[in-house]
Amino acid sequence: MLSGRMRGVRYPGYRDADWAQPYAKYMAAHTDPAPAPVSRAFDGPPLDPASIPDFANVTRDLGPTGYSTVETGYGRRADGVLFVAVRTEMPRVSAAMWDWWFGWHSVESARYKLWHPDAHQFATLKADRTTAPIGDREKYVGNTSYVDELVGPKVQQLGIEFRDPRGHGFCVPSDQTVIFGRVGSSIAPVDLGWLAHQVRPVAGGAEMRSRFYLNMRGLHRPNLGQAVRAVRRGASVDPADLVLGLDLARDLLMHCGQEMNHLAAFLPELHREFAVRP
């Protein structure tokens, strides 16, 4: 178990105490490369603004069947909203594994780093429900994950409030899941956009269809304790972060493509070993 002081520190890579964790065998020095479609989209031009789906249609875009006109790409709409889409093939993986992961990983930074060891630096939760006798979805839906991570060259300090996707209008069959969240700053009470990750079965495993809509700002109730701790970790509030640019969308495309592909390679084994059974 990490000390309270260690749990409040942001740091790259792994430290000696991390290697004592029971899941240490899943730690890697570096994140696996992104799949080829993500690399091609990253190296290519942004999407035509007119081709980017409206956020109002995201529940239809991520419907239980079918595909969108854009499955992997990044761009900026004419109204300034940034868009990122990533499709990741995940052999041997199921939607239930991802529900478990989102309820399990954010309580410790070392767990969060399993996902993207090159970029993830800190994680904690508003409420630790990881050992509560509730379902995996209930552990993260209605909860907030506070993370420090590199997206491209810059550290972002984010608070991601996970919402009930059905309450937003998503259709989620029992063999699928949608992880849906409001993305905001962990320091300022400002929301920056939305994320959604749909996981549904395909032959041999599952596919994840990720969507990010940024520069869709709002306000949320400040968490002063978390804000103070974020500043102590070395925050610098940059007003430019409130108006995110196309470079951030491109970097996020690569970040998402890397982390989802990396974790999916060993998620079945991690889940089998650490998921709590009734």
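It should be emphasised that the depicted structure is a prediction, and the values quoted were computed from it without experimental measurement. (Residues numbered from 1 in each chain as written. Predicted model: local features only at pLDDT ≥ 70, side-chain atom pairs only at ≥ 80, totals over all residues. Heavy atoms only, no water.)

(A) Expanded view of the packing of aromatic side chains. Under the definition given, this model contains 20 aromatic pairs. When the ring of Phe55 is compared with that of Tyr213, the centres are 5.2 Å apart and the planes differ by 65 degrees; the resulting orientation is edge-to-face. Here Phe55, found in the loop between α2 (36-43) and α3 (58-61), pairs with Tyr213, found in strand β8 (residues 205-219); they are 158 residues apart in sequence, far enough to count as distant. Like Tyr213, Phe55 is buried. An aromatic cluster of three or more residues is present, and its members are Tyr23, Trp98, Trp100, Trp101, Phe102, Trp104, Tyr112, Trp115, Tyr140, Phe162 and Phe274. Positioned over the ring face of Tyr11 is Arg15, at 4.5 Å from the centre of the ring. Positioned over the ring face of Tyr67 is Arg200, at 4.7 Å from the centre of the ring. (Phe/Tyr/Trp six-rings, centres within 6.5 Å; stacked < 30°, edge-to-face > 60°. Helix = DSSP H or I, 4+ residues; strand = E, 2+ residues; numbered from the N terminus. Buried < 20%, exposed > 50% of the residue type's maximum accessible area, 1.4 Å probe, protein only. Lys NZ or Arg CZ within 6 Å of the ring centre and 35° of its normal.)

(B) A look at the sheet that holds strand β5 (residues 154-163). The eight strands are arranged β1-β2-β8-β7-β6-β5-β4-β3 in an open sheet whose pairing can be described as antiparallel. Edge positions in the sheet fall to β1 (73-76) and β3 (120-125), since each of these pairs with one other strand and no more. Neighbour-to-neighbour, the strand axes of this sheet turn through a mean angle of 20 degrees, independent of strand direction. Alignment of strand β7 (residues 190-202) against β8, held across 12 bridges, turns out to be antiparallel. Each bridged residue has a counterpart across the sheet, and for Val202 the counterpart in β8 is Gly205. On top of the sheet, helix α4 (residues 95-104) reaches β2 (82-91), β5, β6 (177-185), β7 and β8; it is set at about 30 degrees to β6, its chief contact. (Pairing = 2+ DSSP bridges. Axes fitted to C-alpha atoms, helices over the stretch in contact; angles between N-to-C directions. Contact = heavy atoms within 4.5 Å.)

(C) Representation of the pattern of salt bridges within the structure. By the definition in use, this model includes 16 salt bridges. Residues Asp61 and Arg211 are paired through a salt bridge, measuring 2.8 Å at the closest nitrogen-oxygen approach. One end of the pair, Asp61, is in helix α3; the other, Arg211, is in strand β8, and 150 residues separate them in sequence. An identical accessibility class is assigned to Asp61 and Arg211; each is buried. With a closest N to O distance of 3.2 Å, Glu108 and Arg111 form a salt bridge. Of the residues examined, Arg111 reaches a relative accessible area of 14% and is grouped as buried. (Salt bridge = Lys/Arg side-chain N within 4 Å of Asp/Glu carboxyl O.)

(D) Region of the structure containing unusual backbone geometry. We note that Arg92 has phi near 75 degrees; this positive angle belongs to a residue other than glycine. Topologically, Arg92 is positioned in the loop between β2 and α4. The residue Asn215 is not glycine, and still its phi comes out positive at about 65 degrees. As for its placement among the helices and strands, Asn215 is situated in strand β8.

(E) Structural context of the nonpolar core. Core analysis: the largest hydrophobic core is formed by 58 residues, its most contacted members being Tyr23, Trp98, Trp101, Leu114, Leu267 and Leu270. Among the elements that make up this core, the one with the highest residue count is helix α9 (residues 246-264) (nine residues). Excluding residues that lie within four positions of it along the chain, Leu267 makes contacts with Val93, Met97, Trp98, Trp100 and Trp101. Phe55, Val172, Trp194 and Ala196 belong to the second-largest nonpolar core, a separate cluster that totals 15 residues. (Core = buried A, V, L, I, M, F, W, Y, C linked by side-chain atoms within 4.5 Å.)

(F) Representation of the packing of α4 against helix α10 (residues 267-274) in the model. The interhelical angle for the contact between α4 and α10, taken along N-to-C directions, is 65 degrees, at an axis separation of 10 Å. It follows from the interaxial angle that α4 and α10 lie roughly perpendicular. Note on packing geometry: the crossing formed by α4 with α10 is left-handed. On α10, the residues that touch Met97, Trp98, Trp100, Trp101 and Trp104 of α4 are Leu267, Pro268, Leu270, His271 and Phe274. Here the contact of α4 with α10 is composed, by residue class, of nine nonpolar, one polar and no charged. (Parallel < 35°, antiparallel > 145°, perpendicular 65-115°, else oblique. Left-handed = near helix turned anticlockwise from the far one by under 90°. Nonpolar A, V, L, I, M, F, W, Y, C, P; charged D, E, K, R; others polar.)

(G) Summary view of the layout of surface pockets. The space that makes up the largest pocket amounts to roughly 330 Å³. In terms of lining residues, the largest pocket is bounded by 21 residues, among which Thr144, Tyr146, His220, Arg221 and Asn223 are the most central. When contributions to the lining of the largest pocket are tallied by element, the ones reaching two or more residues are β4 (144-151), β5, β6 and α8 (224-232). Ranked by residues supplied to the lining of the largest pocket, first place goes to β6 with four residues. (1 Å grid on protein atoms, 1.4 Å probe; cavity = no way out; pocket = protein on both sides within 12 Å on 5 of 7 lines; lining within 4 Å. Points joined across faces, edges and corners; volume = space filled by probe spheres on them.)

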